[in-house]
Amino acid sequence: MRLPGDSCSGDHSLPQGKLACTGNGRFKISKIIVVGDLSVGKTCLINRFCKDTFDKNYKATIGVDFEMERFEVLGVPFSLQLWDTAGQERFKCIASTYYRGAQAIVIVFDVNNVASLAHTRQWLADALKENDPSNVILFLVGSKKDLSPPAQYSLMERDAIKVAKEMQAEYWAVSSLTGENVREFFFRVASLTFESSVLAELEKSSARKIGDIVRIHSTDSDLYLTAQRRKSKCCL
Ligand SMILES: Nc1nc2c(ncn2[C@@H]2O[C@H](COP(=O)(O)OP(=O)(O)OP(=O)(O)O)[C@@H](O)[C@H]2O)c(=O)[nH]1
Ligand SMILES: [Mg+2]
């Protein structure tokens, strides 16, 4: 069992997409917990991302393990604390003591194991007991995609998307063996948690109120039309 302090860290620069920066330089760390049945591939997923390694031999996680990954978003340092929890029933009690304070919950199942998908609802319920459901970002991750023939996978994907919708989670399918989607998935986790940290900081800040943020959903052409309409009204 490895805990904060003896962590190994990696560095990533996120693509400079839609993320905003508040400029106060206070962004710190997001806690991410990774839960799911034993042997679904939680440790391999984290190791593929943090160390770019894959071990085909199963070594059960005892309690929890911990990795830290550093990101830079528009020049703002940001870290993900990845908590790799044990799926084995006998270690669940220790692992669940680390659930509290998560900004994102990653629920992993094996796309070749229907039961592991069915159990994801219970994993989510347990993780939410320790967290505020309205304040946490959810991901449902199907692992070991490399072992699933396409026809079989598409049936599983249909069910997984249904479960993800019920949970209001984002669905991802990955392979830690080939690396498919692993980097993309963690970058997405980092983007959404960073964004939510920015919004939380702004909400807290008395100087800059959340009401100052303007979200524009229109396309550029809509905006142009709106501007034209306003202009003509004003001239009437
Ligand atoms: N083919 C394939 N095998 C995988 C993949 N991910 C994990 N495995 C294998 O599945 C087994 C279990 O992987 P782990 O990552 O240790 O599973 P875990 O979910 O951490 O298990 P616990 O720690 O007991 O909860 C190992 O033998 C891995 O090599 C994958 O993407 N593809
Ligand atoms: Mg493990």
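Residues numbered from 1 in each chain as written. Chains lettered and ligands numbered in written order. Predicted model: local features only at pLDDT ≥ 70, side-chain atom pairs only at ≥ 80, totals over all residues. Heavy atoms only, no water.

Engineer: Can you help me understand the site of ligand 1 in this one?
Structural biologist: Neighbouring ligand 1 are 23 residues, the closest being Lys-42, Asp-55, Tyr-58, Gly-87 and Asp-146. Between Lys-42 and ligand 1, the recorded distance is 2.6 Å, taken from a side-chain N or O atom to an oxygen atom. In this structure, Gly-87 approaches ligand 1 through a main-chain N or O atom, which is 2.7 Å from an oxygen atom. Taking a 2 Å distance to the grid points as the criterion, the majority of the atoms of ligand 1 fall inside the largest pocket. Considered class by class, the residues forming the shell around ligand 1 number 9 nonpolar, 8 polar and 6 charged. (Near = heavy atom within 4 Å. Polar contact = N/O pair within 3.5 Å; in protein donor to acceptor, adjacent residues only side chain to side chain. 1 Å grid on protein atoms, 1.4 Å probe; cavity = no way out; pocket = protein on both sides within 12 Å on 5 of 7 lines; lining within 4 Å. Sits in = over half its atoms within 2 Å of the grid points. Nonpolar A, V, L, I, M, F, W, Y, C, P; charged D, E, K, R; others polar.)

Engineer: Just to check I follow, could you spell out the coordination of the magnesium ion (ligand 2) for this structure?
Structural biologist: Coordination angles at a metal have ideal targets, namely 109.5 degrees for four tetrahedral donors and 90 or 180 degrees for six octahedral donors. Distances from the magnesium ion (ligand 2) to its protein donors, namely Thr-43 (OG1) and Thr-61 (OG1), fall within the range 2.0 Å. With Thr-43 in helix α1 (residues 42-51) and Thr-61 in the loop between α1 and β3 (64-73), the pair connects residues that are 18 residues apart, well separated along the chain. You can call Thr-43 partly exposed: its relative accessible area is 23%. Taking the relative accessible area as the measure of exposure, Thr-61 reaches 10% and is therefore buried. (Donors = N, O, S within 2.8 Å, 3.2 Å for Na, K, Ca; no water. Helix = DSSP H or I, 4+ residues; strand = E, 2+ residues; numbered from the N terminus. Buried < 20%, exposed > 50% of the residue type's maximum accessible area, 1.4 Å probe, protein only.)

Engineer: What exactly am I supposed to notice about the pattern of salt bridges here?
Structural biologist: For side chains bearing opposite charge, pairing can occur when the charged atoms are close. One pass over the full model with this rule turns up 11 salt bridges. Arg-48 is the salt-bridge partner of Asp-52, the closest N and O atoms lying 2.8 Å from each other. Relative accessible area serves as the criterion here: at 56%, Asp-52 is assigned to the exposed category. Connected via shared salt-bridge partners are Lys-92, Asp-126 and Lys-129. (Salt bridge = Lys/Arg side-chain N within 4 Å of Asp/Glu carboxyl O.)

Engineer: Looking at this structure, I do not really get the packing of aromatic side chains. What am I missing?
Structural biologist: Both the distance between ring centres and the angle between the ring planes are used here to describe each pair of aromatic rings. Under the definition given, this model contains 11 aromatic pairs. Ring centres of Phe-49 and Phe-186 lie 4.5 Å apart, and the angle between their planes is 15°; this geometry places the pair in the stacked category. In this pair, Phe-49 sits in helix α1 while Phe-186 sits in helix α6 (residues 182-204), placing the two residues 137 residues apart along the sequence. You can call Phe-186 buried: its relative accessible area is 1%. Taken together, Phe-49, Phe-71, Phe-139, Trp-172, Phe-185, Phe-186 and Phe-187 form an aromatic cluster joined through their ring pairs. The ring of Tyr-153 carries the charged tip of Lys-145 above its face, separated from the ring centre by 5.0 Å. (Phe/Tyr/Trp six-rings, centres within 6.5 Å; stacked < 30°, edge-to-face > 60°. Lys NZ or Arg CZ within 6 Å of the ring centre and 35° of its normal.)

Engineer: Before we go on, may I ask you to explain helix α4 (residues 120-129) in this structure?
Structural biologist: The α-helix advances 3.6 residues per turn, and as a result positions three or four apart in sequence lie on the same side. For α4, the complete set of buried residues consists of Thr-120, Trp-123, Leu-124, Asp-126 and Ala-127. Seen end-on, α4 carries its buried residues on one side only, within an arc spanning 165°. Residues of α4 that are buried sit in contact with β2 (29-35), α2 (89-96), β5 (104-110), α3 (114-118), β6 (137-143) and α5 (150-167). (Arc of directions from axis to C-beta. Contact = heavy atoms within 4.5 Å.)

Engineer: Where do I start with the environment of Glu-89 in this structure?
Structural biologist: Relative to the elements of secondary structure, Glu-89 occurs in helix α2. Assessed through its relative accessible area of 64%, Glu-89 is described here as exposed. Here the alpha-carbon distance between Glu-89 and Leu-38, two residues 51 residues apart in the chain, equals 8.2 Å.

Engineer: Just checking my understanding: could you explain the environment of Phe-49 for this structure?
Structural biologist: By relative accessible area, Phe-49 is classed as buried at 7%. Expressed as a C-alpha distance, the spacing of Phe-49 and Lys-129, which sit 80 residues apart in the sequence, is 28 Å.

Engineer: What should I look at first to understand unusual backbone geometry in this one?
Structural biologist: Trans is the common state for peptide bonds, and a negative phi is the common state for residues other than glycine. Even without being a glycine, Lys-144 presents a positive backbone phi close to 60°. Mapped onto the fold, Lys-144 is located in the loop between β6 and α5. One non-glycine residue, Gln-168, lies in positive phi territory at about 60°. Mapped onto the elements, Gln-168 comes out in the loop between α5 and β7 (170-173).

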